[in-house]
Amino acid sequence: MAGRLFAVVDRPISVIEVLDAVGGDGFGGTVTFTGTVRDCSRGRDVAHLEYEAYVPMAERVLARIGDEIAEQWPGTRTAIVHRVGTLAVGETAVVIAVAAPHRAEAFEGCRHAIERLKEDVPIWKREVFADGSEWVGMGP
Amino acid sequence: MHVRVLYFAIVRDRLGGVSEEALELDEGATVADLSAALEARHPALSGLLSKVRFAVDEAFAGADAPLRDGCEVALIPPVSGG
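Residues numbered from 1 in each chain as written. Chains lettered and ligands numbered in written order. Predicted model: local features only at pLDDT ≥ 70, side-chain atom pairs only at ≥ 80, totals over all residues. Heavy atoms only, no water.

Draft legend 1. Summary view of the overall build of chain A. Scanning chain A from N- to C-terminus turns up three helices and nine strands. For chain A, whose C-alpha radius of gyration is 16 Å, the value lies close to the compact-globule estimate of 14 Å for 140 residues. With the C-alpha coordinates of chain A rotated into their principal frame, the extents come out at 50 × 25 × 25 Å. Taking all 140 residues of chain A together, 48% fall into the buried category. The contacts in chain A between residues at least 6 apart in sequence include a share of 75% that link residues at least 24 apart. If you sum the accessible surface of chain A, you get close to 6800 Å²; carbon and sulfur atoms cover 50% of it. Between the mean site of the 15 positive side-chain charges and the mean site of the 21 negative ones, chain A shows a separation of 1 Å. (Helix = DSSP H or I, 4+ residues; strand = E, 2+ residues; numbered from the N terminus. Rg over C-alpha atoms; globule rule 2.2 N^0.38 Å. Buried < 20%, exposed > 50% of the residue type's maximum accessible area, 1.4 Å probe, protein only. Contact = heavy atoms within 4.5 Å. Areas by Shrake-Rupley, 256 points an atom, 1.4 Å probe, with all protein chains shown as cover. Lys, Arg positive; Asp, Glu negative; His and termini not counted. Charge placed at Lys NZ, Arg CZ, Asp CG, Glu CD.)

Draft legend 2. Focus on the pairing of strand 2 (residues 20–24) of chain B. Residue and element names in this part refer to chain B. Taking every second residue as pointing to the same face, the buried face of strand 2 carries E21 and L23, while none of E20, A22 and E24 on the other face is buried. Summarising the sheet, strand 1 (residues 2–6) and strand 2 pair through five bridges and their orientation is antiparallel. Within strand 2, the residue paired with V5 across the bridge is E21. (Pairing = 2+ DSSP bridges.)

Draft legend 3. Expanded view of the packing of helix 2 (residues 55–72) of chain A against helix 3 (residues 103–120) of chain A. Residues and elements named next belong to chain A. Axis separation between helix 2 and helix 3 bottoms out at 10 Å; the angle between their running directions is 145°. The chirality of how helix 2 crosses helix 3 is right-handed. When helix 2 is examined against helix 3, the residues V61, L62, I65, E68, I69 and Q72 are found in contact with a partner set consisting of G109, H112, A113, R116, L117 and D120. Residues belonging to the contact of helix 2 with helix 3 are distributed by class as follows: six nonpolar, three polar and three charged. (Axes fitted to C-alpha atoms, helices over the stretch in contact; angles between N-to-C directions. Left-handed = near helix turned anticlockwise from the far one by under 90°. Nonpolar A, V, L, I, M, F, W, Y, C, P; charged D, E, K, R; others polar.)

What follows is the structure in structure tokens.
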């Protein structure tokens, strides 16, 4: 039976692992979001990204986001796994899965999950270019 | 009271790679008191402290939040997960 999965890992993410965590016979629809490393950012070519996290708090906030979704869309189940470390272009940084009895709640819950993750989860991304690097989100 | 302060990302970089330190504060100190102490102790953080949020024992806390002996405080610069 699926358990709770809200984790920060330093290895490649298995999408199947995240889907398995939200499996269940009562669910008619499951929506997943996969965040991947793009090859360019604001006009500059990205060499790779570096992610770091305040892991215990990040996992706590991910779980709280899952609880928010269950409260706002009863009957849903959420799992989120975020990767940290050095990620090459094309690699997966985060996988979110939301299962629900019906598809509308699965879509809405999954959207909510990524928006909330980007607001409050203590994870940081540093973009590394050929000619320098910068922490994302610090402004001009 | 003794508090443990954690530094991440751009904050850690500004401090030359220091990721944590122990600080002593007066009884009854708040997050705002800690912030002021950090500003005095680390000039390299000037301008950055106004952009960070504070977390006390893994929960976001406002300026007036009280600290306890042994608590863990993290400086949370703008997050960029996902």
